[in-house]
Amino acid sequence: MTKPLNIGLIGYGFMGRAHSNAYRRVNNFFELPYRPVLKVVCARSAESVKAFAETWGYESIETDWRKLLERKDIDAVDICVPNNLHKEIAIAAAKAGKMVLCEKPLSMNAAEGEEMCQAVEQAGVANTVWYNYRRVPAVTMAKQLIEEGRLGRIFHYRANFLQDWTISADLPQGGAGLWRLDATAAGSGVTGDLLAHCIDTAIWLNGSINNVTAMTETFIKERKHTISGKVEKVGIDDACAFLCRFNNGSLGLFESTRYARGHKALYTFEINGEKASIKWDLHDLHRLEYFDHGDEGKLRAWRSIHVTDHGGEHPYMSHWWVPGLQIGYEHSFVHQVADFLEGLGKGQPTSPTFREALETQKICDAVLNSAKSGQWTDVG
Ligand SMILES: NC(=O)c1ccc[n+]([C@@H]2O[C@H](COP(=O)([O-])OP(=O)(O)OC[C@H]3O[C@@H](n4cnc5c(N)ncnc54)[C@H](O)[C@@H]3O)[C@@H](O)[C@H]2O)c1
């Protein structure tokens, strides 16, 4: 029998919507031991959180997350607020005995992340971090191909995450929608926001990273702060590039910027192995490009695999429409909820757990430290 799982959502912006959509749809497409119940949504403005609750079907609202955590009718807390609030809420939620689903990046830095890991581990509560790209079917399939040994020894991993929305010097920092430009709310710029995704996928697919050498740049040094109204120093990295060595001996090359005119969310990765290579592009997310050196010579070429088949061969797809019909960005969140609920039923953790996501945080710290020192830096 399907049991209810009462959700308390904190933050109703971009991710609040993506997660609410996932909770609402998941049981329509997956047979699961639990059914999320949209019990309460919390944000500071009663008027707008009420409108959100009506749109998405939440039963109640709160305007103080502490009140939400006191409620006995909440099983799981979903943290969809800016990064500087993750730690305090996650630790308090764990102490209140709630399961915690936290948006990425786990924390502002690895030290905070460690405290969060200890809190969920001591409380023994289920936890996961929303690195959703792992659950795009083509990316999950990349993992399967690597685990099947099809690439052989891996030599290179390269990834980019390119955007162009902060080029204007008139854009203020801080406040709703612009907290990503304010280091006190975001922790860092593209490193924690965008490269964290690339790093999570990379360590999932290619194993741990030993050391890094990085450079960052802040192109616009001062911006007006939305909250103080004053022109203030910009503390985030606008662009970051780093090289690294993976533990398996392969070399990594990563780049992210919000100053790549023409690119909105160009997340791509490519992995080159001894026997085969794979490529993936978020703008074409249902396709996995695959080159197999073992193919007959005259037919050897890059294949563009439309990851939409149903025979159980293409991950997650048998739950959706008919072969050949695509799914999109929002489905990666549905898949994460499905895996979380499945894991709960089996008493198994859902990757990435806080502890696994801490690894990404340590790499982000090493990248930022290396950019400051100009030195190769070990991942702590
Ligand atoms: N997994 C992904 O692909 C992905 C994509 C975007 C954002 N994120 C992460 O999700 C988190 C939220 O990002 P977003 O894009 O949804 O931001 P957003 O600005 O769209 O929404 C943030 C929400 O937090 C609320 N909020 C702020 N302070 C609060 C407080 N004290 N109490 C209650 N609510 C408060 C705001 O009202 C708003 O509803 C961030 O950690 C971000 O890094 C992840």
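A short tour of the structure in this document, coming up. (Residues numbered from 1 in each chain as written. Predicted model: local features only at pLDDT ≥ 70, side-chain atom pairs only at ≥ 80, totals over all residues.)

**Concerning the overall build of the protein**
Then, in step 1: Per the secondary structure count, the protein includes ten helices and 17 strands.
Then, in step 2: Over its C-alpha atoms the protein spans a radius of gyration of 21 Å, differing by no more than 12% from the 21 Å that the globule rule assigns to 380 residues.
Then, in step 3: Over its C-alpha atoms, taken along the principal directions, the protein stretches across nearly 65 × 55 × 40 Å.
Then, in step 4: When burial is assessed residue by residue, the protein has 49% of its 380 residues classed as buried.
Then, in step 5: Considering only contacts within the protein whose residues lie at least 6 apart along the sequence, 68% involve residues at least 24 apart. (Helix = DSSP H or I, 4+ residues; strand = E, 2+ residues; numbered from the N terminus. Rg over C-alpha atoms; globule rule 2.2 N^0.38 Å. Buried ≥ 20, exposed ≤ 12 C-beta atoms within 10 Å, placed from the backbone. Contact = placed C-beta atoms within 7 Å.)

**Considering the pairing of strand β15 (residues 287–292)**
Then, in step 1: Taken together, the four bridges between strand β14 (residues 276–281) and β15 define a ladder with antiparallel strand orientation. The partner of Lys279 across the bridge, within β15, is Glu289.
Then, in step 2: Between β14 and β15, which follow one another and run antiparallel, lie five residues.
Then, in step 3: With five bridges joining them, β15 and strand β16 (residues 302–306) adopt antiparallel strand pairing. Bridge pairing in β16 links Tyr290 to Arg303. (Pairing = 2+ DSSP bridges.)

**Notes on the site of the ligand**
Then, in step 1: Close to the ligand lie 23 residues; Gly11, Gly13, Phe14, Met15 and Glu103 are nearest.
Then, in step 2: Here the shell around the ligand takes three residues from helix α1 (residues 14–29), the largest share from any one element.
Then, in step 3: Classifying every residue of the shell around the ligand by side-chain character gives 13 nonpolar, six polar and four charged.
Then, in step 4: Residues from two domains meet in the shell around the ligand; each of domain 1 (3–132) and domain 2 (133–351 + 357–378) gives at least three. (Near = placed C-beta within 6 Å. Nonpolar A, V, L, I, M, F, W, Y, C, P; charged D, E, K, R; others polar. Domains from an automatic or database assignment.)

**Notes on helix α4 (residues 86–95)**
Then, in step 1: Among the residues of α4, those classed as buried are His86, Lys87, Ile89, Ala90, Ala93 and Ala94.
Then, in step 2: Buried residues in α4 make contact with β1 (3–10), α3 (65–70), β4 (76–79), β5 (99–102) and α5 (110–123).
Then, in step 3: Two residues or fewer after α4 comes Gly97, characterised by a positive phi angle close to 80 degrees.

**A closer look at the sheet that holds strand β13 (residues 266–273)**
Then, in step 1: One open sheet accounts for nine strands, arranged β16-β15-β14-β13-β7-β12-β11-β8-β17; its pairing is mixed. Single-partner strands in this sheet number two, and they are β16 and β17 (377–378).
Then, in step 2: Pairing analysis gives seven bridges linking strand β11 (residues 239–246) to strand β12 (residues 251–257), with the strands arranged antiparallel. When the bridges of β12 are listed, Phe242 appears paired with Phe254.
Then, in step 3: Against the sheet, helix α10 (residues 354–373) contacts β8 (209–217), β11 and β17, and its axis sits at roughly 55 degrees relative to β8. (Axes fitted to C-alpha atoms, helices over the stretch in contact; angles between N-to-C directions.)

**Side note on unusual backbone geometry**
Then, in step 1: Here Lys104 and Pro105 are connected by a cis peptide whose omega angle stands at -10 degrees.
Then, in step 2: Here the bond from Ser351 into Pro352 is cis, since omega is -10 degrees, no more than 30 degrees from zero.
Then, in step 3: As for its position among the elements, Pro352 is in the loop between α9 (329–346) and α10.

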